[in-house]
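Next come the chains, spelled out residue by residue.
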Amino acid sequence: MRAQLLVVLGGAGAIGRAFINALQECQLEAVVVERSKTVVGVTALKADLLDAAQTLRATAYATLAQVLGAVDHALALAGSLTWEILWALILGFALSAVVQAVVRKSTIVGLLGDQRPRSLAAAAGLGAASSSCSYAAVALARSLFRKGANFTAAMAFEIGSTNLVVELGVILALLLGWQFTAAEFVGGPIMIVVLTVLFRLFVPSRLIEAAHRQAERGIAGSMEGHAAMDMSIDGEGSFWRRIGSRRGFTVVSHLFAMECAAILRDLVIGLLIAGAIAAWVPESFWQNFFITDHPTLSALWGPLIGPVVAIVSFVCSIGNVPLAAVLWNGGISFGGVVAFIFADLLILPILNIYRKYYGTKMMLILLGTFYAAIVAASYLVELLFGAANLIPTHHNAKVMEAGISGNYTTWLNIVFLLTAAVIVARFLRTGGIRMLRMMGGSPTPNTTTQAMTITALPEYGSPASPQCRTANAFTTTPR
């Protein structure tokens, strides 16, 4: 019995050990399976992450390609636009240099002593014969005002200098059409007349006296040196004899380079903005913005919004013409384009210069009166040209095609680039670089007429070389 019991217990123990071993093996298999699942999950997760990374990389490359393509398209349009107007720019700067070479700035003040029609006409004409740089025009107007010119006449000089110059007319005709050139030369005098009336109504003498006291402080603005330089040719003889002399050629070369340097920044910015807007902003946006579906409302809205667009664009001088062409293609009215061009004297940097020159109150008055005069002149131009059936029916300014073709523009550019190379070579050989360094800074303080004497430069080497006189002698203080 006892032996049988031991056998039974032994068998039970063997069964128990077998059960425990089996249970341990099952647990081990479960662990192995679980670990296998974990490995599979990690592998799957890694694969998912790799797929996501590849997708993200592909999306980034595609986005980058789109951005670079858009930038390339904008630069191509800007480059094409530059090529389209290059010969006209060179021609305009050369003509401006020739005119400035025979008009002395020191004689201008005596013609601008009051605001009679004759004085205002002289101010506009003399402005048209001066630099087309808006900053230089504003600085020179302040200088004339300090030396005794009438304030209204000084502002008329500004308008003539920025809106009645030859180079502006040439570029407008080339990009937009001769009608816009005619509109500028018709609207400019109208704007001067309206501004004169507004000054008489809303600008009392006490404000002008306060502006004069502020101007006498001589706070520097921009392009003070450019405004102060007078390189007109002295001596007797006919116009062609003075211009055709060695001395005349030197003067023209210096004025040519000075004009190019003065407006280069604004021109480049204007071309880049025009190219970017033409490439990136859809026409539907401009059509809605300028209310092109309602011609009457569009004609009323254009002159009101054109100056606002100009004010926030930071582009002045000739640099606003390419952007005006883009706006014209977008649907802005004829008068709106005229208003946009006229408003280059109201861009934010120039408003800040007005504040420095004449005080905050006069700056605000200039903003309001100039804006009102611009709008009124643009409406009148729209009415006059509409009545004469001179407003173009199609909005097709030359800004929308990228690329250079072998047409007449290419040959004109080659001819004028060679001409410019000859002029610049003369400029470099006669000490022009040193003259350029004087442009942006303030004139050296002096109590009498200061002479920036280029004849003192060793590069000239000839007593017949021109002398660069300052048109104004005044003490300036840092900004």
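Relevant structure appears above.
A brief structural summary. (Residues numbered from 1 in each chain as written. Predicted model: local features only at pLDDT ≥ 70, side-chain atom pairs only at ≥ 80, totals over all residues. Heavy atoms only, no water.)

### Focus on the overall build of the chain
And then number 1: In terms of regular secondary structure, the chain is built from 18 helices and three strands.
And then number 2: When contacts within the chain are restricted to residue pairs at least 6 apart in sequence, those whose partners lie at least 24 apart make up 85%. (Helix = DSSP H or I, 4+ residues; strand = E, 2+ residues; numbered from the N terminus. Contact = heavy atoms within 4.5 Å.)

### Side note on the pattern of salt bridges
A pair can form between side chains of opposite charge whenever their charged atoms are brought close.
And then number 1: On inspection of all chains with the given rule, the structure shows two salt bridges.
And then number 2: Notably, a salt bridge pairs R116 with D114, separated by 3.1 Å at the nearest N-O pair.
And then number 3: Taking the relative accessible area as the measure of exposure, R116 reaches 52% and is therefore exposed.
And then number 4: Two residues, R146 and E216, come together in a salt bridge whose shortest N-O distance is 3.4 Å. Taken together, the residues R146 in helix α3 (residues 134–146) and E216 in helix α7 (residues 205–216) connect sequence positions 70 residues apart.
And then number 5: On the accessibility criterion, R146 (13% relative accessible area) is buried. (Salt bridge = Lys/Arg side-chain N within 4 Å of Asp/Glu carboxyl O. Buried < 20%, exposed > 50% of the residue type's maximum accessible area, 1.4 Å probe, protein only.)

### Here we look at unusual backbone geometry
And then number 1: Of note in this structure, I291 is not a glycine but carries a positive phi near 55°.
And then number 2: Structurally, I291 is set in the loop between α11 (283–289) and α12 (295–313).
And then number 3: Taking the relative accessible area as the measure of exposure, I291 reaches 26% and is therefore partly exposed.
And then number 4: The backbone of N389 shows a phi angle near 60°, a positive value even though the residue is not glycine.
And then number 5: Considering the arrangement of structural elements, one finds N389 in the loop between α16 (360–387) and α17 (408–429).
And then number 6: A residue is classified by how much of its surface remains accessible, and N389, at 68% relative accessible area, is exposed.

### Thoughts on the packing of aromatic side chains
And then number 1: Tallying each qualifying case throughout the model produces 16 aromatic pairs.
And then number 2: With a centroid separation of 5.1 Å and 75° between ring planes, the pair formed by F285 and W286 is classed as edge-to-face.
And then number 3: Its end group placed over the ring of Y357, R142 keeps NZ or CZ at 3.8 Å from the ring centre. (Phe/Tyr/Trp six-rings, centres within 6.5 Å; stacked < 30°, edge-to-face > 60°. Lys NZ or Arg CZ within 6 Å of the ring centre and 35° of its normal.)

### Examining the nonpolar core
And then number 1: Counting residues in hydrophobic clusters, the biggest one holds 119 residues, and the most contacted among them are M155, L176, Y354, Y358, M362, L366 and F370.
And then number 2: Element by element, the count of residues in this core is highest for helix α10 (residues 246–280), at 13 residues.
And then number 3: Leave out the neighbours within four places in its chain, and M362 touches F151, V203, L207, I208 and A211. (Core = buried A, V, L, I, M, F, W, Y, C linked by side-chain atoms within 4.5 Å.)

### Digging into the packing of helix α2 (residues 117–128) against helix α4 (residues 151–163)
And then number 1: Contact pair α2 / α4: the axes reach a minimum separation of 7 Å and the direction vectors enclose 35°. With respect to the hand of their crossing, α2 and α4 are arranged in right-handed fashion. From α2, L120, A123, A124, L126, G127 and A128 reach across to α4, where they touch T152, A153, A156, F157, G160 and S161.
And then number 2: Among the residues making up the contact of α2 with α4, the classes are represented as eight nonpolar, four polar and no charged. (Axes fitted to C-alpha atoms, helices over the stretch in contact; angles between N-to-C directions. Left-handed = near helix turned anticlockwise from the far one by under 90°. Nonpolar A, V, L, I, M, F, W, Y, C, P; charged D, E, K, R; others polar.)

### As for a nonpolar patch on the surface
And then number 1: Together, V67, V71, L75, L264, V268, L272 and W280 make up an exposed nonpolar region whose accessible area comes to about 620 Å².
And then number 2: Of all the secondary-structure elements, those providing two or more residues to the nonpolar patch are α1 (2–102) and α10.
And then number 3: With four residues, the single largest contributor to the nonpolar patch is α10.
And then number 4: Summarising the element assignment, L75 is placed in helix α1. (Patch = residues over 30% accessible without salt bridge, like charges linked within 9 Å, V, L, I, M, F, W, Y side chains within 5 Å. Areas by Shrake-Rupley, 256 points an atom, 1.4 Å probe, with all protein chains shown as cover.)

### Thoughts on helix α14 (residues 334–342)
And then number 1: For α14, the buried fraction is high: nine of the nine residues fall into the buried class.
And then number 2: Buried within α14 are the following residues: F334, G335, G336, V337, V338, A339, F340, I341 and F342.
And then number 3: Contacts made by the buried residues of α14 are with α4, α5 (166–175), α6 (178–202), α12, α13 (320–330) and α16.

### Some details on the packing of α12 against α16
And then number 1: One can describe the packing of α12 onto α16 by two numbers: an axis separation of 9 Å at closest approach and a directional angle of 140°. Taken together, the axis directions place α12 and α16 in an arrangement best described as oblique. Here α12 and α16 pass one another in a crossing that is right-handed. For the pair α12 and α16, the contacting residues are A299, L300, P303, L304, P307, V308 and I311 in the first and L367, Y371, I374, V375, S378, Y379 and E382 in the second.
And then number 2: Within the contact of α12 with α16, the residues separate by chemical class into 12 nonpolar, one polar and one charged. (Parallel < 35°, antiparallel > 145°, perpendicular 65-115°, else oblique.)

### What to know about the side chain of S119
And then number 1: Here S119 is to be found in helix α2.
And then number 2: Residue classification places S119 among the buried positions, given a relative accessible area of 7%.
And then number 3: In contact with S119, not counting residues within four places along its chain, are L111, L112 and D114.

### Observations regarding the environment of C133
And then number 1: Looking at where C133 falls in the secondary structure, it is placed in the loop between α2 and α3.
And then number 2: By relative accessible area, which is 0% here, C133 ends up buried.
And then number 3: Sequence separation between C133 and S161 is 28 residues; the distance between their C-alpha atoms is 7.7 Å.

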